[in-house]
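Observations on the three-dimensional arrangement
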Amino acid sequence: MNVIRGHPDFFSTLLPSLPDQSDFSESCLRRLPRNLWNEKTRRFEFTSSEREIDMYGPLVDTLNAILGFRATESASTPSSSRPPRTSTKPLDSWTPLRYEFVRTDQDFASREVLSISAKGEPYYNRRPDIAMVLKKYPNSPRSWYDVALSIEVKKDPKKAAVEQAEDQAEAILTNAPTKRFLYSIILCNSLLEVCLWDRAGVITSKRIDVNDNPLGFIEIVRRFASMSPVELGFDQTTTDLPDGVLYPMDRGPIGSPIVSIDGEIYYRIQTLAGSSSCFGRSTRCFEARKLIKSEGKWSNKTYLLKYFWNDVKRQPDEGKIYERIKTEGAKVGVADFVCFVRLSKLSVIRRGLPLLNGDKDSDMEKYAREEDEGEETESEVKRENFEGEEVKGIKDREVSGDRQLCVLVLASVGRSISKPTTIHELISATRAAIKGHQAIYEKAGILHRDISTNNIRIRDPPKVFMDGINEEQSGDASTSWDEGFLIDFDLSLMDNCDDNSRSQRLERT
């Protein structure tokens, strides 16, 4: 993971600029209750607490009070003077009070709905101290999907605050895999540092003292309050359920299960598989149903939605592989391809700020790293606390270069070949995969290069429902029927492609 600390252009580049309203920010301070802001000493009262846990309540009250003032400001600010937005939604639909700050030890999801980390530790124990979340109905449980901004509170500057914030970012991005990136704030006494976590690592701002610069603190909160969910990293494929369409009976995942991909609407039923890492490729696969728009109903047939962050230097990507297979008619023994969509790039998310450390900017704190022609390597990364002292060195996987969020939709789900119900099923699926491997090589010039039990799937026979319609007749029918098929063409080689050498990287899903 790459770490870039104290970038001088963080605030001006990554947070939206707002009209200069220093008078409004000053009025915010004067209107704060006395138990939150001391006008005589010009200090926030939460910074004088002796224990971290004693800071939570006053800090949450202060932040929510600022959000309340933000609503008054937006009502008096003409729409023409509001900042430009990257959201596709019009400004008229922007609700300034869409967020609120909560204490995660009181208002967060229960332990039962949170997963377990690779270390065997419940992610619940790694939740942030405070979070800015999407507003929900009263008494609705919070989840990782709702977190728009996480806050880590520290009293001891010698603690490795960034390292702990990394654990929290990992917990949020792992449990909300379709979240594109995450903003977090580290507050140590009165020192504040803002971080942007994405699939390449983290880049942080310079530190400010909220007591020395209270108007700057108000400005930062205002900027976050003005950002749309898309600007805060939420899933950009999420959409609203069309009028008159009900949710399927299947139980969906926590978060927003309705997504729009390439003009079609899908309902994510459950997570099938995924990477345990939130950095790098970070693959996550969902089982989903498709909306039959002409009937206003959900198909009985299920689809596979694969979200992953592809290295833009790796060509051909999986979408081009499937498109070549479809064009050349080599469909036997291969998963049925529906579409491939390319979404956000890390370089766009960071808006030109570096993805890798090692920049020549003298204002940045440098971290030791090893680089091997863009390869993922094990390197020793220095961890520093708020006083700049190195805490310890740990092994991290170095993630290099730009990445792009991609979504692959397949009309084939199936089961792993390691889970057959009969010997006949095992042999038939293996035979179909062999035929598929031969067909894509002879007809499309593609060599798979990653045959394993996970990448050979058993195709389940069509289910017959009470109305006599099988799942192949409901919605889009599969373009082929074989008892087995191949998936996962990430490491494939394709002839007449100049960038095949990029596929030699061993980056598994």
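What this report covers is the structure whose coordinates are included nearby. Quick caveat: nothing in here was measured; it's all calculated off a predicted structure. (Residues numbered from 1 in each chain as written. Predicted model: local features only at pLDDT ≥ 70, side-chain atom pairs only at ≥ 80, totals over all residues. Heavy atoms only, no water.)

Focus on the pattern of salt bridges
Inspection of the entire model under this criterion finds 19 salt bridges. One salt bridge connects E318 with K306, and the closest N-O pair in it is separated by 3.0 Å. With E318 in helix α7 (residues 318–328) and K306 in strand β14 (residues 297–311), this pair connects stretches of sequence that are twelve residues apart. On the basis of relative accessible area, E318 is assigned to the buried category, the value being 3%. The partner of D488 in a salt bridge is K306, and the shortest N-O contact between them spans 3.6 Å. (Salt bridge = Lys/Arg side-chain N within 4 Å of Asp/Glu carboxyl O. Helix = DSSP H or I, 4+ residues; strand = E, 2+ residues; numbered from the N terminus. Buried < 20%, exposed > 50% of the residue type's maximum accessible area, 1.4 Å probe, protein only.)

Some points on the nonpolar core
By size, the foremost hydrophobic cluster in this structure holds 55 residues, and its most contacted members are F101, Y183, L192, F217, F224 and L232. Broken down by element, the residue count for this core peaks at nine residues, all from helix α3 (residues 52–76). Among all residues touching F217, those that are not within four sequence positions of it are F44, F46, T62, L63, I66, L192, I208 and V210. Ranked by size, the runner-up nonpolar core spans 29 residues in total, among them L304, Y322, V413 and I487. (Core = buried A, V, L, I, M, F, W, Y, C linked by side-chain atoms within 4.5 Å. Contact = heavy atoms within 4.5 Å.)

A closer look at the environment of V60
Inspection of the secondary structure puts V60 in helix α3. Taking the relative accessible area as the measure of exposure, V60 reaches 8% and is therefore buried. Along the backbone, V60 and L36 are 24 residues apart, and their C-alpha atoms lie at a distance of 10.0 Å. Other than its neighbours up to four places away in sequence, V60 contacts F101, V102, R103 and I130.

Here's the deal with the side chain of T62
Residue position: T62 is located in helix α3. For T62, a relative accessible area of 0% corresponds to the buried category. Ignoring sequence-local partners within four residues, the contact set of T62 consists of L32, L36, F44, F46 and F217.

Read these as spatial facts, not as claims about activity.
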